[in-house]
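Reading the structure
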Amino acid sequence: MDDDELPADWECDERYDRLARRSGRAPTYEGYVHDTGDVRLHVAMPEAESGEAGAYTIFLTLYPYTELSEQTEVRTVTTKGRADEIVSTFANLFVGACDGPADVEAAAQYALERTRPADVTDTSLVNDGD
C-alpha cells in the first residue's frame, strides 16, 4: 500500500523492509505506524510464520517495542487488496476517533470493532424439515 492511501497521521514502517534486505529475503510483513508511535498495524503475508497459511493476517499492536506491548489479530483475508483496504479503513477510523494520547486505546478499540468481521450466527439457516 502506498502512503497516499493512508491518513496523514500514518506512515509505512520500513522496519520490515530493512530486516528482509539484511537477510536477503523478500519481505513477509508490511507495517504501518501512527505518528504517536503507540499504534502499529502489520500485515503478515501468506508465507509469514505468524499468519494463517495462504492468507493475509492483519495485526494491531498497542505500544509496540515496549514492555506494555499488546498485540491482537484484526482480521484474516485472502487477498492483498482486501488487506490493504482493511488497513486503510482501520487507520481512518482510528484517526477519526483519536483525540490525543489519552484516547489511543479507545480509538484502537473503536477501529478494531468496525474492521473485524461480523459475528456469525450459530443457528442453522437451512430448514430442518419441520
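Before reading on, note that the structure itself is shown above.
What you see is a predicted model, and the numbers here were worked out from it, not measured in a lab.

So, about the overall build of the chain. Along the chain, the regular secondary structure elements total 3 helices and 5 strands. Seen in sequence order, the chain has helices and strands lined up from the N terminus as β-α-β-β-β-β-α-α. The 130 residues of the chain split such that 38% are buried. Long-range contacts, defined here as pairs at least 24 residues apart, represent 39% of the contacts in the chain between residues at least 6 apart.

A cluster of like positive charges, contributed by Arg-15, Arg-18, Arg-21 and Arg-22, occupies part of the molecular surface. Residue position: Arg-22 is located in helix 1 (residues 15-23).

Let us now look at the nonpolar core. With 28 residues, the main nonpolar core has Trp-10, Tyr-32, Leu-41, Leu-60, Val-87, Phe-90 and Phe-94 as its most contacted residues. Counting residues per element, the ones that place at least two in this core are strand 1 (10-13), strand 3 (39-44), strand 4 (56-62), strand 5 (70-77), helix 2 (80-97) and helix 3 (104-115). No other element matches helix 2, which puts 6 residues into this core. If sequence neighbours within four positions are ignored, Phe-90 has contacts with Trp-10, Leu-41, Leu-60, Ala-108, Ala-111, Leu-112 and Thr-115. Among the nonpolar cores identified, the runner-up in size contains 5 residues, and Tyr-29, Ala-44, Ala-48 and Phe-59 belong to it.

Turning to its location among the elements, His-34 is positioned in strand 2 (residues 29-34). Here His-34 is in contact with Asp-9, Trp-10, Val-39 and Phe-94, once residues within four sequence places are set aside.

Attention now goes to helix 2. When the terminal C-alpha atoms of helix 2 are compared, their 26 Å separation across 18 residues agrees well with the 26 Å that a helix rising 1.5 Å per residue should span. For helix 2, the set of buried residues is Ala-83, Asp-84, Ile-86, Val-87, Ser-88, Phe-90, Ala-91 and Phe-94. Its buried side turned inward, helix 2 meets strand 1, strand 2, strand 3, strand 4, strand 5 and helix 3.

Now for unusual backbone geometry. The residue Tyr-63 is not glycine, and still its phi comes out positive at about 55 degrees. The residue Tyr-63 is located in the loop between strand 4 and strand 5 in this model. Although it is not a glycine, Tyr-65 sits at a positive phi angle of roughly 65 degrees. Tracing the backbone shows Tyr-65 in the loop between strand 4 and strand 5. The partly exposed category is assigned to Tyr-65, whose relative accessible area is 48%.

This next bit is on the pairing of strand 3. Among the 6 residues that make up strand 3, 6 are buried, leaving the element largely enclosed by the rest of the structure. In terms of strand pairing, strand 2 meets strand 3 through 5 bridges, oriented antiparallel. Bridged to Tyr-32 within strand 3 is Leu-41. Connecting strand 2 to the antiparallel partner strand 3 that follows it, the hairpin turn spans 4 residues, and Gly-37 within it adopts a positive phi of roughly 80 degrees. Of the strand pairs in this sheet, strand 3 and strand 4 are connected by 6 bridges, and their pairing is antiparallel. Counted as the bridge partner of Val-43 is Ile-58 from strand 4.

Rules used in this analysis
- The written sequence of each chain sets the order in which its residues are numbered from 1.
- At least 70 in pLDDT is required for a residue's local features to be given in this predicted model, at least 80 for side-chain atom pairs to be given and counted, and no such filter applies to totals for whole chains, interfaces and linings, which use all residues.
- Excluding hydrogens and water, the side-chain values take into account all heavy atoms of the structure.
- For helices the rule is a DSSP run of H or I covering at least 4 residues; for strands it is a run of E covering at least 2, with both sets numbered from the N terminus onward.
- Relative accessibility decides the category of a residue: with a 1.4 Å probe and only protein chains considered, values under 20% of the type maximum give buried, values over 50% give exposed, and everything between is partly exposed.
- Any two residues having at least one pair of non-hydrogen atoms within 4.5 Å are treated as being in contact.
- Exposure above 30% relative accessible area and the absence of a salt bridge qualify a residue for a patch, where like charges join within 9 Å and nonpolar side chains (Val, Leu, Ile, Met, Phe, Trp, Tyr) within 5 Å.
- Note on areas: Shrake-Rupley with a 1.4 Å probe; residue coverage comes only from the protein chains shown.
- Criterion for a salt bridge: a side-chain nitrogen of Lys or Arg within 4 Å of a carboxyl oxygen of Asp or Glu.
- All tallies of charge rest on Lys and Arg as positive and Asp and Glu as negative; His and the ends of each chain are not included.
- To locate a charge, take NZ of a lysine, CZ of an arginine, CG of an aspartate or CD of a glutamate.
- What we call a nonpolar core is a set of buried Ala, Val, Leu, Ile, Met, Phe, Trp, Tyr and Cys residues that are connected through their side-chain atoms within 4.5 Å.
- Take the residue count of a helix, subtract one, and multiply by 1.5 Å to get its expected span.
- Here the rule is simple: two strands pair whenever DSSP picks up at least two bridges between them.

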